[in-house]
Amino acid sequence: MANIPIVELKNVSKTYSTAAGDFPALRNVNLTVNSCEFLGVVGKSGAGKSTLLNMINGVDELTNGEVFVNSNGSRISVHNLSEDEKALWRGKTMGVVYQSFQLLPMLTLIENITLPMDLAENFKPRESRERAMELLHLVEIDEHADKLPAFISGGQQQRVAIARALANDPEILVADEPTGSLDSVTADHIFDVFSRLVDERGKTIIMVTHDMSLKSRFTRCLTLVDGELQDEVKVDAKPKRSRKQ
Ligand SMILES: Nc1ncnc2c1ncn2[C@@H]1O[C@H](COP(=O)(O)OP(=O)(O)O)[C@@H](O)[C@H]1O
Ligand SMILES: [Mg+2]
């Protein structure tokens, strides 16, 4: 599956119209993400990271350019889908993980995961429950399945949010600062969960973060500065040992 383009952005620009005038949040972004990549995009606050993800998952309209996603055997021009088509397509194709977890507080953990399955009608109700338990097991939180989100920690809630993102078995996950609200040890564990999903489950992950210290841990990492994607600098993440004795 390596080196198969799964997400392609061609000359993507996004300009927000505000009372103070037009604001270019993304400028001419070209990007190809291959299947099974764990791509990191780092940049300061306001660089356009969330906007970039919203262009990829079709949550927001681009101003110029094209976004293609090749998944489930078809090539979709995301920018040409209607709002209804986009919502349906996103539910099947892309799991989304946010900084603030965004679990539904009145639903138990397992119900948070069965809900997107039931909405997509991909699985029968009993199947969706079994599948939700498997996903909770995958992220090592199954023992808390019947608790409400308020009764578990932030790191645990993020595990549940990742399981929810996987509910309809999307090939692609996009994650917006998923470790941003977590202490560094917990953040590390969440990072490991993502890495395993790439290595063991063949997922493609696009994660944006302002945390530059994560740079070397992605399979590839790009930098966004004021809405522009910087040219890639090839760095050997694991420097060879010196030959000197
Ligand atoms: N809906 C909006 N309307 C106007 N400006 C926006 C809107 N969303 C984001 N912006 C502006 O676009 C820039 C990029 O925002 P964002 O993509 O959220 O950056 P990041 O996620 O890197 O912090 C920021 O300057 C932000 O203020
Ligand atoms: Mg953001």
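In this text, all values refer to a predicted model and were calculated from it rather than measured experimentally.

Enquirer: Before we go on, may I ask you to explain the pattern of salt bridges in this structure?
Expert: Where charged atoms of side chains with opposite charge meet at close range, the side chains can pair. Within this structure, the stated rule accounts for 14 salt bridges. Ionic pairing is found between lysine 49 and glutamate 177, a salt bridge with its closest N-O pair at 3.8 Å. With lysine 49 in helix H1 (residues 49-56) and glutamate 177 in the loop between strand E7 (172-176) and helix H6 (184-201), the pair connects residues that are 128 residues apart, well separated along the chain. Arginine 126 serves as the salt-bridge partner of glutamate 130, at 3.3 Å between the closest nitrogen and oxygen. Taken together, the positions of glutamate 130 and arginine 126, both in helix H4 (residues 125-138) and four residues apart, correspond to about one turn of that helix. Residue classification places arginine 126 among the exposed residues on the basis of a relative accessible area of 66%.

Enquirer: Looking at this model, I keep getting lost on the site of ligand 1. Mind explaining?
Expert: Taken together, Tyr16, Thr18, Phe23, Ala25, Lys44, Ser45, Gly46, Ala47, Gly48, Lys49, Ser50 and Thr51 make up the full set of residues near ligand 1. Between ligand 1 and the protein, one listed contact pairs an oxygen atom with a backbone N or O atom of glycine 46 at 2.7 Å. Glycine 48 has a polar backbone atom sitting 3.0 Å from an oxygen atom of ligand 1. Protein burial of ligand 1: of its 560 Å² of free accessible surface, 61% is covered by the chains. Of all the elements in the fold, those that place two or more residues in the shell around ligand 1 are strand E1 (5-18), strand E2 (21-34) and H1. Top element by residues in the shell around ligand 1 is H1. It accounts for three residues. Its residues assigned to classes, the shell around ligand 1 shows four nonpolar, six polar and two charged.

Enquirer: Hey, could you run me through the environment of arginine 27 in this one?
Expert: Inspection of the secondary structure assignment puts arginine 27 in strand E2. For the pair arginine 27 and serine 100, spaced 73 residues apart in the sequence, the C-alpha separation amounts to 27 Å. Setting aside residues no more than four positions away along its own chain, arginine 27 makes contact with Val12, Ser13, Asp226, Gly227 and Glu228.

Enquirer: Looking at this model, I keep getting lost on the sheet that holds strand E6 (residues 94-98). Mind explaining?
Expert: Spatially, E6-E7-E8-E3-E9-E10 is the arrangement adopted by the six strands of the open sheet, whose pairing is mixed. Only two strands of the sheet have a single neighbouring strand rather than two, namely E6 and strand E10 (228-229). Sheet analysis places strand E3 (residues 38-42) next to strand E8 (residues 204-209), joined by five bridges and oriented parallel. Looking across to E8, one finds that valine 42 is bridged to threonine 209.

Enquirer: Before we go on, may I ask you to explain the confidence of the model for the chain in this structure?
Expert: Interpreting fine coordinate detail is not advised for predicted regions of low pLDDT. Of the residues in the chain, 94% have a pLDDT of 70 or more, and the chain-wide mean is 92. For the chain, the element scoring lowest by mean pLDDT is helix H2 (residues 83-93), at 90; H1 scores highest, at 98.

Enquirer: I keep staring at the environment of glutamine 99 and nothing clicks. Help me out?
Expert: Its location among the elements puts glutamine 99 in the loop between E6 and helix H3 (109-120). If near-sequence neighbours (up to four positions away) are discounted, glutamine 99 is found in contact with Gln158, Asp176, Glu177, Pro178, Gly180 and Ser181.

Enquirer: Help me out: how do you make sense of the sheet that holds strand E4 (residues 64-71) in this one?
Expert: Either a parallel or an antiparallel arrangement is found when strands of a sheet pair, and the pairing is made through backbone hydrogen bonds. Ordered in space as E2-E1-E4-E5, the four strands form an open sheet in which the pairing is antiparallel. On the outer flanks of this sheet lie E2 and strand E5 (74-77), each paired with one strand and no other. Along the sheet, successive strands turn relative to each other by an average axial angle of 20°, direction set aside. Where E1 lies against E2, ten bridges are found, and the strand directions are antiparallel. Bridged to tyrosine 16 within E2 is phenylalanine 23.

Parameters and conventions
Residues numbered from 1 in each chain as written. Chains lettered and ligands numbered in written order. Predicted model: local features only at pLDDT ≥ 70, side-chain atom pairs only at ≥ 80, totals over all residues. Heavy atoms only, no water. Salt bridge = Lys/Arg side-chain N within 4 Å of Asp/Glu carboxyl O. Helix = DSSP H or I, 4+ residues; strand = E, 2+ residues; numbered from the N terminus. Buried < 20%, exposed > 50% of the residue type's maximum accessible area, 1.4 Å probe, protein only. Near = heavy atom within 4 Å. Polar contact = N/O pair within 3.5 Å; in protein donor to acceptor, adjacent residues only side chain to side chain. Areas by Shrake-Rupley, 256 points an atom, 1.4 Å probe, with all protein chains shown as cover. Nonpolar A, V, L, I, M, F, W, Y, C, P; charged D, E, K, R; others polar. Contact = heavy atoms within 4.5 Å. Pairing = 2+ DSSP bridges. pLDDT = per-residue confidence, 0-100. Axes fitted to C-alpha atoms, helices over the stretch in contact; angles between N-to-C directions.

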